[in-house]
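Residue-level structure breakdown
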Amino acid sequence: MPQSKFTLDTCNVITLPKISDPRGNLTFIEGNNHIPFDIKRVYYLYDVPGGAERGGHAHKDLYQLIIAMSGSFDVLLDDGYHKKRVHLSRSYNGLYVCPMIWRELDNFSSGSVCMVLASNCYDENDYYRDYDEYLAARGVTK
Ligand code: TYD
């Protein structure tokens, strides 16, 4: 078991507020209210070609919320001990991902858009891009 509070159990799909309206639905997200961190950065993936995979890394300190703004895709989460696959397809759902979780994104539908809210600005030093290095940092002995 991971000796850390950052486990797969911490990573859940959050149901965001949804204002249903015949003119079109509306969802909103307030940092430190609907999600447990301040939003410092927003980025999004789009024009993802069929069969492409994104992610393939973990973050040391970053908290994120991943949303399928359009279309759908899968997020494979891995805490070094267990893995789980989450399918995102609703723009009122967000997958909360805490630090020290390896993630891979695949199975993007045509025209899908993946938006990510992040607790910090971009910092390459915050990444584990090597899976073995990540496992070592997790204390996983192979
Ligand atoms: P990366 O985080 O590896 O993308 P993904 O996990 O979605 O596959 O980032 C891809 C490239 O974009 C990498 O060179 C870093 C750069 N980048 C930024 O400059 N700023 C950002 O906010 C992000 C997320 C990435």
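Residues numbered from 1 in each chain as written. Predicted model: local features only at pLDDT ≥ 70, side-chain atom pairs only at ≥ 80, totals over all residues. Heavy atoms only, no water.

1. Describing the site of the ligand
How we decide: Note on terminology: near, applied to a residue and a molecule or strand, indicates that one of the residue's heavy atoms is within 4 Å of it. In the analysis that follows, any N or O atom pair within 3.5 Å is treated as a polar contact, provided that within protein one partner can donate a hydrogen and the other can accept it, and provided that, for residues neighboring in sequence, both atoms belong to side chains. Method for areas: the Shrake-Rupley scheme with a 1.4 Å probe, in which residue coverage is limited to the protein chains shown. Counting from the N terminus, the helices are the DSSP runs of H or I reaching at least four residues and the strands are the DSSP runs of E reaching at least two. Here the nonpolar group is Ala, Val, Leu, Ile, Met, Phe, Trp, Tyr, Cys and Pro; Asp, Glu, Lys and Arg are the charged ones; every other residue, Gly included, is treated as polar.
In the vicinity of the ligand, the contacting residues are Arg-41, Tyr-43, Leu-45, Arg-54, Gly-55, His-57, Tyr-122, Tyr-127 and Arg-129. Take Arg-54: an N or O atom from its side chain is 2.9 Å from an oxygen atom of the ligand. Arg-129 is positioned such that a nitrogen or oxygen atom in its side chain is 2.8 Å from an oxygen atom of the ligand. When the ligand is considered free in solution it has 530 Å² of accessible area, and contact with the protein chains removes 63% of it. Mapped by element, the contributors of at least two residues to the shell around the ligand are β4 (41-45) and β5 (54-59). In terms of residue class, the shell around the ligand is built from four nonpolar, two polar and three charged.

2. Here's the deal with helix α1 (residues 131-138)
The line we're drawing: Burial classification: accessible surface area is computed with a 1.4 Å probe over protein chains only, and a residue below 20% of its type maximum counts as buried, one above 50% as exposed, and the rest as partly exposed. The reported arc concerns the directions from the helix axis to the C-beta atoms and nothing else. Any two residues whose heavy atoms approach within 4.5 Å are treated as being in contact.
Listed in full, the buried residues belonging to α1 are Tyr-134, Leu-135 and Arg-138. Buried residues of α1 fall within an arc of 100 degrees about the axis and therefore sit on the same side. Buried residues along α1 sit in contact with β5, β7 (73-78), β10 (102-106) and β12 (127-128). The backbone nitrogen of Asp-132 has a side-chain oxygen 3.2 Å away, supplied by the residue at the start of α1, namely Asp-130. Of the residues flanking the end of α1, it is Gly-139, one or two places downstream, whose phi is positive at about 80 degrees.

3. Quick look at the nonpolar core
Filter applied, for reference: The definition of a nonpolar core used throughout is a set of buried Ala, Val, Leu, Ile, Met, Phe, Trp, Tyr and Cys residues joined through side-chain atoms within 4.5 Å.
Grouped together as the largest cluster of nonpolar side chains are 37 residues, with contacts concentrated most on Leu-65, Ile-66, Phe-73 and Leu-77. When contributions to this core are tallied by element, the ones reaching two or more residues are β6 (64-70), β7, β8 (83-88), β9 (93-97), β10, β11 (113-118) and α1. Residues within four places of Leu-77 in sequence aside, it is in contact with Leu-8, Cys-11, His-82, Lys-83, Lys-84, Val-86, Leu-95, Val-97, Ile-101, Trp-102 and Arg-103.

4. Quick look at the sheet that holds β7
To keep it simple, the criterion reads: Strand pairing requires that DSSP identify at least two bridges connecting the strands.
Taken in spatial order, the five strands make up an open sheet running β8-β7-β10-β5-β12, and their pairing is antiparallel. At either end of the open sheet lies a strand with only one pairing partner, and these are β8 and β12. Summarising the sheet, β7 and β10 pair through five bridges and their orientation is antiparallel. Residue pairing in the sheet places Val-75 in a bridge with Leu-105 of β10.

5. Regarding the environment of Ala-58
Relative to the elements of secondary structure, Ala-58 occurs in strand β5. Of the residues examined, Ala-58 reaches a relative accessible area of 0% and is grouped as buried. Considered as a pair, Ala-58 and Leu-77 are 19 residues apart in the sequence and their alpha carbons are 9.6 Å apart. Contact partners of Ala-58, with chain neighbours within four places excluded, come to Ile-101, Trp-102, Arg-103, Asp-126, Tyr-127, Tyr-128 and Tyr-134.

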